[in-house]
Amino acid sequence: HDQSIVYAAIASFRDSICPDTITNMFLRAKYPDRIRVAVIQQNLPEDVDCLEKYCEDARIAQKLPPDAPCPRRGQISIKRFSSEEAKGPTWARAQDTDMLPDSAEFCLRTDSHMTFAQDWDVLQT
């Protein structure tokens, strides 16, 4: 398991904390390069976009110019749905099935307002 990829699926319903969850997931992972994130976002147009805000915050944290590529963008995928058409958390979680490959050795489904323990990606209970 030394090179295993961890796939993290996040269901988000109008959650402005979603970008912080992604940031925290990468910052507290022992091996952040191995993390892949799939976000199912259910928002209204005026809501905070999880990926856009994550990218903005990550650029600021790394002292990058606003037009710089989004840090870790290649590790994050997102599907956007209108919250007016949302059918609940179970439906949202089912929307990520094609975003996570069958070859995934480790998969985590989590909410969009979570904080992770240090080295969460290698902890065993």
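Above this text is the structure in question.
Here's a quick rundown of the structure. All of these numbers come straight from a predicted model, not from anything done at the bench. Each chain has its residues counted from 1, following the order in which its sequence is written. Reporting in this predicted model follows two pLDDT cut-offs: at least 70 for local features of residues, and 80 or more for side-chain atom pairs to be given and counted; totals over whole chains, interfaces and linings ignore these cut-offs and use all residues. Only heavy atoms go into the side-chain values, all of them from the structure, while hydrogens and water stay out.

1. What to know about the layout of surface pockets
Inference 1: Method remark: on a 1 Å grid restricted to protein atoms, a set of points is classed as a cavity if a 1.4 Å probe fits but cannot get out and as a pocket if it is open with protein on both sides within 12 Å along at least five of seven lines; lining residues have an atom within 4 Å of a point. Grid points are joined across faces, edges and corners, and a volume is the space filled by probe spheres set on the points. Estimated volume of the second largest pocket: approximately 180 Å³.
Inference 2: What lines the second largest pocket is Thr23, Phe26, Leu27, Pro32, Tyr54, Asp57, Ala58, Ala61, Gln62, Pro71 and Arg72.
Inference 3: Here a strand is any run of E in DSSP of at least two residues, a helix any run of H or I of at least four, and the numbering for each starts at the N terminus. Within the residue set of the lining of the second largest pocket, elements represented by two or more residues are helix 1 (18–28) and helix 2 (50–61).
Inference 4: Taken together, the residues that form the lining of the second largest pocket break down as seven nonpolar, two polar and two charged. Just so you know the grouping, Ala, Val, Leu, Ile, Met, Phe, Trp, Tyr, Cys and Pro go in nonpolar, Asp, Glu, Lys and Arg go in charged, and all remaining residues, Gly too, go in polar.

2. A short note on the sheet that holds strand 2 (residues 35–43)
Strand-to-strand pairing in sheets goes through backbone hydrogen bonds, with the strands running parallel or antiparallel.
Inference 1: In short, DSSP must find at least two bridges between two strands for them to pair. The sheet built from four strands is open, its strands ordered 3-2-1-4 with parallel pairing. Every interior strand has two partners, whereas the edge strands, strand 3 (76–82) and strand 4 (106–111), have only one. Strand-to-strand twist across the sheet, computed as the mean angle between neighbouring axes with direction ignored, equals 15°.
Inference 2: Where strand 2 lies against strand 3, seven bridges are found, and the strand directions are parallel. Within strand 3, the position partnered with Gln41 by the bridge is Arg80.
Inference 3: Across the sheet, helix 1 is in contact with strand 1 (6–13), strand 2, strand 3 and strand 4; its angle to strand 2 comes to roughly 175°.
Inference 4: Throughout, a residue-residue contact means that at least one pair of heavy atoms, one from each residue, lies within 4.5 Å. Fitting a line to C-alpha atoms yields each axis, with helices limited to the stretch in contact; the angle taken between N-to-C directions then spans 0 to 180 degrees. Of the strands in this sheet, strand 2 and strand 3 are in contact with helix 2, which crosses strand 3 at around 135°.

3. Some details on the packing of aromatic side chains
The way to describe two aromatic rings as a pair is by their centre distance and the angle between their planes.
Inference 1: Planes of paired rings set the category: under 30 degrees apart is stacked, over 60 is edge-to-face and the rest tilted, where pairs are Phe, Tyr or Trp rings (Trp by its six-membered ring) whose centres lie within 6.5 Å. Scanning all chains against the criterion turns up three aromatic pairs.
Inference 2: Seen in terms of ring centroids, Phe26 and Tyr54 are 6.2 Å apart; in terms of plane orientation they differ by 45°. Their pairing is tilted. With a gap of 28 residues between them, Phe26 in helix 1 and Tyr54 in helix 2 connect regions that are remote in the sequence.
Inference 3: Working definition: with a 1.4 Å probe on protein chains only, accessible area under 20% of the residue-type maximum means buried, over 50% means exposed, and in between means partly exposed. The class of Phe26 is buried, set by a relative accessible area of 6%.
Inference 4: Under the relative-accessibility criterion, Tyr54 is labelled buried at 4%.
Inference 5: Measuring from centroid to centroid gives 5.0 Å for Phe81 and Trp91, while their planes differ by 70°, and the two rings are edge-to-face. Here the residue Phe81 occupies a position in strand 3, and Trp91 occupies one in helix 3 (residues 89–94), the gap between them amounting to ten residues.

4. Re the pairing of strand 2
Inference 1: Buried residues dominate strand 2, accounting for eight of its nine residues.
Inference 2: Relative to strand 2, strand 1 runs parallel, the two being bridged by eight bridges. The residue bridging Ala11 from the neighbouring strand is Ile40, located in strand 2.
Inference 3: Read as a crossover between parallel neighbours, the route from strand 1 over helix 1 to strand 2 is right-handed.
Inference 4: Note on the crossover from strand 2 through helix 2 to strand 3: the handedness is right-handed. Crossover handedness is defined by viewing with both strands directed away from the observer: a clockwise path from the first strand over the helix to the second marks the crossover as right-handed.

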